[in-house]
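Notes for the structure review
If you want the building blocks of each chain, they are given just below.
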Amino acid sequence: MLPAAAYSIVQQVNERGDYSYCMCPGGFIVPAATANGKVVVSGMSPSKRNNAFANSGIVVEINIDRDIPKHEKFGALKGLEYQKDLERLAFAGGGKSQTAHAQRITNFVEVKLSVDLNPTSYQPGLKSSPLHSLLPKFIGSRLRKGFAAFRQKMHGYYTEEANIVGVESRTSSPVNIPRNENLEHIEIKGLYPCGEVGGYAGGIVSAAMDGERCAEAASVGLN
């Protein structure tokens, strides 16, 4: 028996990126909501990576200035409000609990409801849902095209044995905290916005690298 494997995969769809994010071999899908009335899923691996499952977020690139015009009224926080709406939708549709929407990947691409689902590492449980119609059209359609392309790039990726589970909505902050060429906030001296929270990274490694850069910049500023 081969263990759960690591992978990285990317595809351009309509001149936007679809790609795997924070891939967790031998890991778990876990609930990650930070407020009542929302469902957010994320992934993790224990140090031994010895669970039977692998999981990865699949990211659809969103241009907040063009893709979500209905949220313009929220100004600089429009991306954050859009994120909240997706998480509330996931909560309501999942039965107003931490149960998550899920669908076999093949059914999602073929626009069919899954009669049943595969075993999962997500402890609150899954609910078979038509994610192909629940997700916003510009996200769902690009995911379907992306998965179809992944099928050609990686043997065994596209299979009835794989579930898609939603929503993972927190790859990077939808609000970008401004900073200058020295990585310091443009108005608050001594504040160095960094990593995913600041809107400058999209994963563990890129966040660590940005944090290192900010730490170096801060040390120079103190000197």
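So, how was this worked out
- Residues numbered from 1 in each chain as written.
- Predicted model: local features only at pLDDT ≥ 70, side-chain atom pairs only at ≥ 80, totals over all residues.
- Heavy atoms only, no water.
- Helix = DSSP H or I, 4+ residues; strand = E, 2+ residues; numbered from the N terminus.
- Buried < 20%, exposed > 50% of the residue type's maximum accessible area, 1.4 Å probe, protein only.
- Contact = heavy atoms within 4.5 Å.
- Core = buried A, V, L, I, M, F, W, Y, C linked by side-chain atoms within 4.5 Å.
- Pairing = 2+ DSSP bridges.
- Axes fitted to C-alpha atoms, helices over the stretch in contact; angles between N-to-C directions.

**Thoughts on the side chain of Ser 20**
Looking at the secondary structure, you find Ser 20 in strand β2 (residues 16–24). Residue Ser 20 is classed as buried on the basis of its relative accessible area, which comes to 11%. Setting aside chain neighbours within four positions, we find Ser 20 in contact with Tyr 7, Ser 8, Ile 9, Ser 56, Gly 57 and Ile 58.

**What about the environment of Ala 33?**
Mapped onto the elements of the fold, Ala 33 is located in the loop between β3 (28–31) and β4 (41–44). On the basis of relative accessibility, which here comes to 29%, the residue Ala 33 falls in the partly exposed class. In sequence terms Ala 33 and Gly 202 are 169 residues apart; their C-alpha atoms lie 18 Å from each other. If we ignore the near neighbours within four places in the chain, the residues touching Ala 33 are Lys 38, Val 40 and Gln 98.

**A look at unusual backbone geometry**
Residue Val 167 is reached from Gly 166 by a cis peptide bond, and omega for that bond is 5°. If you trace the backbone, Val 167 turns up in the loop between β8 (163–166) and α5 (195–198). Phi is positive for Arg 49, close to 50°, though the residue is something other than glycine. Relative to the elements of secondary structure, Arg 49 occurs in the loop between β4 and β5 (55–60). In this structure, Leu 183 is a non-glycine residue whose phi angle is positive, near 70°. Locating Leu 183 in the fold gives a position in the loop between β8 and α5. By relative accessible area, which is 10% here, Leu 183 ends up buried.

**What to know about the nonpolar core**
With 22 residues, the main nonpolar core has Ile 105, Phe 108, Leu 135, Leu 143, Phe 147 and Ile 164 as its most contacted residues. Mapped onto this core, the elements with two or more residues apiece are α1 (78–93), α2 (105–110) and α4 (137–153). Those residues in contact with Phe 108 that lie beyond four places of it in its chain are Gln 103, Leu 131, His 132, Leu 135, Gly 140, Leu 143, Arg 144, Phe 147 and Ile 164. Formed by five residues, the second largest nonpolar core is a distinct cluster that contains Leu 183, Cys 214, Ala 217 and Ala 218.

**Considering the sheet that holds strand β7 (residues 126–128)**
Paired through backbone hydrogen bonds, the strands of a sheet run either parallel or antiparallel to each other. In spatial order, the strands read β7-β6-β8; together these three strands make up an open sheet with mixed pairing. Because the sheet does not close on itself, it has two edges, and the strands there are β7 and β8. Each strand of the sheet is rotated relative to its neighbour by a mean of 40°, with strand direction disregarded.

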